[in-house]
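Results of the structural survey
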Amino acid sequence: MAHIGVLQHLDELSLKPELVTGTSMGAVIGAWYCLKGSSKGLAEMAHHLFNGELFKRLDLDELKEDEEGARDSFEEFSRKTKVLFTLSKMVRRMSIVDPDFMEQVMERIYGEATFDDLEVPFVAVATDLYSGEDVALTTGSLAKAVQASASIPGVFSPVEWDDWLLVDGYITKNVPVPEPGEPPLKADVIAVDVQRGLRSAGPWENGIEVVSRAEWIMQIQLNRYYLEQADLVLVPDVREVHWADFGRIDQLIEAGRVSAVEKEEEIDRLFG
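Below is a summary of the structure that appears in this document. (Residues numbered from 1 in each chain as written. Predicted model: local features only at pLDDT ≥ 70, side-chain atom pairs only at ≥ 80, totals over all residues. Heavy atoms only, no water.)

This next bit is on the overall build of the protein chain. Assigned secondary structure in the protein chain consists of twelve helices and seven strands. Across the 272 residues that make up the protein chain, the buried fraction comes to 49%. Within the protein chain, residue pairs in contact and separated by at least 24 positions form 71% of the contacts whose partners lie at least 6 positions apart. Looking at the protein chain as shown, the accessible area adds up to about 13800 Å², and 50% of this sits on carbon and sulfur atoms. (Helix = DSSP H or I, 4+ residues; strand = E, 2+ residues; numbered from the N terminus. Buried < 20%, exposed > 50% of the residue type's maximum accessible area, 1.4 Å probe, protein only. Contact = heavy atoms within 4.5 Å. Areas by Shrake-Rupley, 256 points an atom, 1.4 Å probe, with all protein chains shown as cover.)

The following block contains the structure:
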C-alpha cells in the first residue's frame, strides 16, 4: 500500500517514470499504475479489493500478530499457517489457497489487458522454480504476470509460463532493481523499501521458527545487496505493520507519500 503513496506524490509533482518494476505486491500496484498511466483511482481499487468478499475468503486476519507483536512476520506466518491450515493440507496439494483464487483476483483487477496495453513500460519479477533464477516478465497477459510475481510458495499455486514454473519474486529479487551490467544501464533507479526488520529477539519455540528466522535474515541480506544498486531508496514508515494487516490502507498510503515528500528534492534531481 505504501507504493501507492509514492506514486501519488510523483503524480503531484507531474513526474512519470520511464519504467516501473515490481515484485509481489509491488507488481500488483505497479502493473495497475502502468496500465492506467497514473495513480488516479489506485487507492480506491485497493480499498475495493481488500475490503471485498473475494479477498475475505483468505482469512488473512488470522495470520496477524498478537498485540505484543512478538514474532517477525514470516516467523509468525509459518507458525500460524501450521495451526490454521495444517501441514497435511500442504502435503496433499500445491497450495493452501484454492488455485483459482489468485486467477480470479487478478482478472478482476486487470481484465484481459496485456503488456501492449500499458501506458508506462512495466516489468513483473517472478522466480522460476526450475532454474532458481529471477524472471523478468514483459509480454503477454498482465493478470498472469502479476499472479506469478505474487504467488507466495505454499500459499498460492505456482504459475506455468512457457518453460518456467513461477512463484513470488521475493525469493530471488524482492527489490526489483537492475543488477550491475544489467539494462537499463543509464537509468536512475528509485527503490521503495517496505521490508520489515528483525523485531523479535526470541525465544523461538521449535525448529520451524528457527528455520523461518534464518530465512528472514537471508532475505534481509539479499535486499541490502539490491538496495545498494539504487540511486535513491525511499523507506516508508511501515516496518511495524504486519504484512497481512489490510485494515490500515490509508495509513500505509500516507506513509509512502510522506517518504516521497521527504526526498522530494532528490527525486526532482533524478528526474531532471
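Picking up where we left off.
One finds Met-1, Tyr-110, Phe-122, Leu-137 and Leu-142 to be the most contacted residues of the largest nonpolar core, which totals 64 residues. With eight residues, the single largest contributor to this core is helix H2 (residues 25-36). Residues contacting Phe-122, with those up to four places away along its chain left out, are Leu-19, Val-20, Thr-21, Gly-22, Ala-27, Gly-30, Ala-31, Cys-34, Phe-115, Leu-137, Thr-138 and Leu-142. One finds Ala-191, Tyr-226, Leu-227 and Ala-230 within the second-largest nonpolar core, a separate group that totals seven residues. (Core = buried A, V, L, I, M, F, W, Y, C linked by side-chain atoms within 4.5 Å.)

Looking now at the pattern of salt bridges. One pass over the full model with this rule turns up two salt bridges. With a closest N to O distance of 2.9 Å, Arg-257 and Glu-254 form a salt bridge. Here the residue Arg-257 and the residue Glu-254 both occupy positions in helix H11 (residues 249-262), the gap between them amounting to three residues, near one helical turn. Residue Arg-257 is classed as partly exposed on the basis of its relative accessible area of 25%. Note that Glu-266 is salt-bridged to Lys-263, the shortest N-O span being 3.6 Å. (Salt bridge = Lys/Arg side-chain N within 4 Å of Asp/Glu carboxyl O.)

Looking now at helix H7 (residues 99-110). Looking only at H7, the buried set comprises Phe-101, Met-102, Val-105, Met-106, Ile-109 and Tyr-110. The buried residues of H7 all sit within an arc of 135 degrees when viewed along its axis, so they share a single face. (Arc of directions from axis to C-beta.)

A few words now on the packing of H2 against H7. The contact between H2 and H7 brings their axes to 11 Å, and the two run at 25 degrees. By the angle class used here, H2 and H7 are roughly parallel. Two packed elements cross with a definite hand, and for H2 against H7 that hand is right-handed. Listed contacts from H7 to Ala-27, Val-28, Ala-31, Trp-32 and Leu-35 of H2 are Met-106, Ile-109 and Tyr-110. Across the contact of H2 with H7, the residue classes tally to eight nonpolar, no polar and no charged. (Axes fitted to C-alpha atoms, helices over the stretch in contact; angles between N-to-C directions. Parallel < 35°, antiparallel > 145°, perpendicular 65-115°, else oblique. Left-handed = near helix turned anticlockwise from the far one by under 90°. Nonpolar A, V, L, I, M, F, W, Y, C, P; charged D, E, K, R; others polar.)

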